[in-house]
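# Survey of secondary and tertiary structure
Now for the letters of each chain:
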Amino acid sequence: MENILEIQNLRKEYNGFILKDMCLTLPQGYILGFIGPNGAGKTTVIKLIMNLIKRNAGEIKVFGLDNLAYEREIKQRIGFVYDENFFYEELNSLEIGLLMAPAYTDWDNKLFRRYLDDFKLPPKKPLKKFSKGMKMKLSLALCLSHHPQFLLMDEPTSGLDPVFRREVLMILQEFMTDETKGILLSSHITSDLDKIADYVCFINNGEIMLNCSKEEVLEKYGIVKGERKTLDGELRRELVGLQESEFGFSGLTADKEKVRGRWKDAVFIERPTLEDIMVYAAGRGEA
């Protein structure tokens, strides 16, 4: 199995923020959900992959190629959706498509027009009259119309209504029927990732807190609840993001079987969502 993306010891330093020696891989045929609170470093990582900012150290390979030495070749094969649009507001969808077409050797104008129809985007309406959701739909249409092999997406469903969000997820699942492709999907809407992600990477304060398959995450982690009298020092050490009230407590454990075996019926353990894991873990800033 080949890796579409390989990141080794990636480091980026800003005033007040450091992306700390990140290592990450994405195999062919899988979707990686990239999660974390605002300011955690997700967008920084995506910009580094696209060589939009310069790294301080480390190595990034896409399709096995160094992303600096082979930048043009790599970007021909990447579909990129950023969380904001940077198109000319006076132009319409067709004109933007005409501008984009020469940049890609595999641009498919017929496919682009099909996406405009599927997404119900008016082809001759100026972009300045588009809603945020319409602009994101246009970004998706442009992203998919040159037959990419790797989708790199930063909040692609942000601002979209639930119906279209579901349609986007179906499009991504259809894209992944080709097992040589891959997707890195950064999103605050973790319920979307619950539906389609194969792997999960949780980043906080510039560090990877969790990086494994989604099923492994959901099998190992648990939300532990119980009465306050049960909350001794040993149990506290097993929990992340501990929340206490006069009636009881709740917290996240990375080893629910250990907690279940040690405290048995004194605690109740729930299966977490990705949002639960992010909220509890980010709440204490540790894992």
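For the structure itself, look to the data block above.
Residues numbered from 1 in each chain as written. Predicted model: local features only at pLDDT ≥ 70, side-chain atom pairs only at ≥ 80, totals over all residues. Heavy atoms only, no water.

One open sheet accounts for four strands, arranged E2-E1-E4-E5; its pairing is antiparallel. The open sheet terminates on both sides in strands that have one partner only, identified here as strand E2 (17-27) and strand E5 (65-66). Relative to E2, strand E1 (residues 3-14) runs antiparallel, the two sharing eight bridges. Bridge pairing in E2 places Glu13 opposite Ile18. Contacting E1, E2 and strand E4 (57-62), helix H1 (residues 42-49) runs over the sheet at an angle of about 115 degrees to E1. (Pairing = 2+ DSSP bridges. Helix = DSSP H or I, 4+ residues; strand = E, 2+ residues; numbered from the N terminus. Contact = heavy atoms within 4.5 Å. Axes fitted to C-alpha atoms, helices over the stretch in contact; angles between N-to-C directions.)

Quick look at the sheet that holds strand E14 (residues 267-270) now. Reading across from one edge, E12-E13-E11-E14 is the order of the four strands in this open sheet, with antiparallel pairing throughout. The two strands at the open ends of the sheet, each matched to only one other strand, are strand E12 (240-244) and E14. For this sheet, the mean angle separating the axes of adjacent strands, direction not counted, is 20 degrees. Two elements, E12 and strand E13 (residues 248-253), share three bridges in a ladder whose sense is antiparallel.

When charged atoms on two side chains of opposite charge get close, those side chains can pair. Taken as a whole and assessed by the stated rule, the structure comprises 18 salt bridges. In this structure, Arg11 and Glu13 form a salt bridge, with 2.9 Å as the shortest nitrogen-oxygen distance. Linked by salt bridges that have partners in common, Arg11, Glu13 and Asp21 make up one network. (Salt bridge = Lys/Arg side-chain N within 4 Å of Asp/Glu carboxyl O.)

With that out of the way, let us pick up the nonpolar core. By size, the foremost hydrophobic cluster in this structure holds 52 residues, and its most contacted members are Leu138 and Ile183. If one sorts the elements of this core by residue count, helix H5 (residues 132-144) sits on top with eight residues. Beyond its immediate chain neighbours, meaning those up to four positions away, Leu138 contacts Phe87, Ser93, Ile96, Phe112, Leu116, Leu121, Leu127 and Phe130. Among the nonpolar cores identified, the runner-up in size contains 29 residues, and Ile4, Leu5, Ile74 and Ile78 belong to it. (Core = buried A, V, L, I, M, F, W, Y, C linked by side-chain atoms within 4.5 Å. Buried < 20%, exposed > 50% of the residue type's maximum accessible area, 1.4 Å probe, protein only.)

Right, let's get into the pairing of strand E7 (residues 150-154). With five of five residues buried, E7 lies mostly within the body of the structure. In terms of strand pairing, strand E6 (residues 78-81) meets E7 through four bridges, oriented parallel. Residue Gly79 lies in a different strand from E7, and its bridge partner there is Leu151. One ladder, built from five bridges, connects E7 with strand E8 (residues 182-186); its direction is parallel. What sits directly across from Leu152, in E8, is Leu184. Between E7 and its parallel partner E8, the chain crosses via helix H6 (residues 162-175), and the hand of that crossover is right-handed. (Right-handed = clockwise from strand over helix to strand, strands pointing away.)

Right, let's talk about the environment of Glu275 for a bit. Within the fold, Glu275 resides in helix H11 (residues 274-284). Once the C-alpha coordinates of Glu275 and Phe249 are considered, the two residues, 26 residues apart in sequence, prove to be 19 Å apart.

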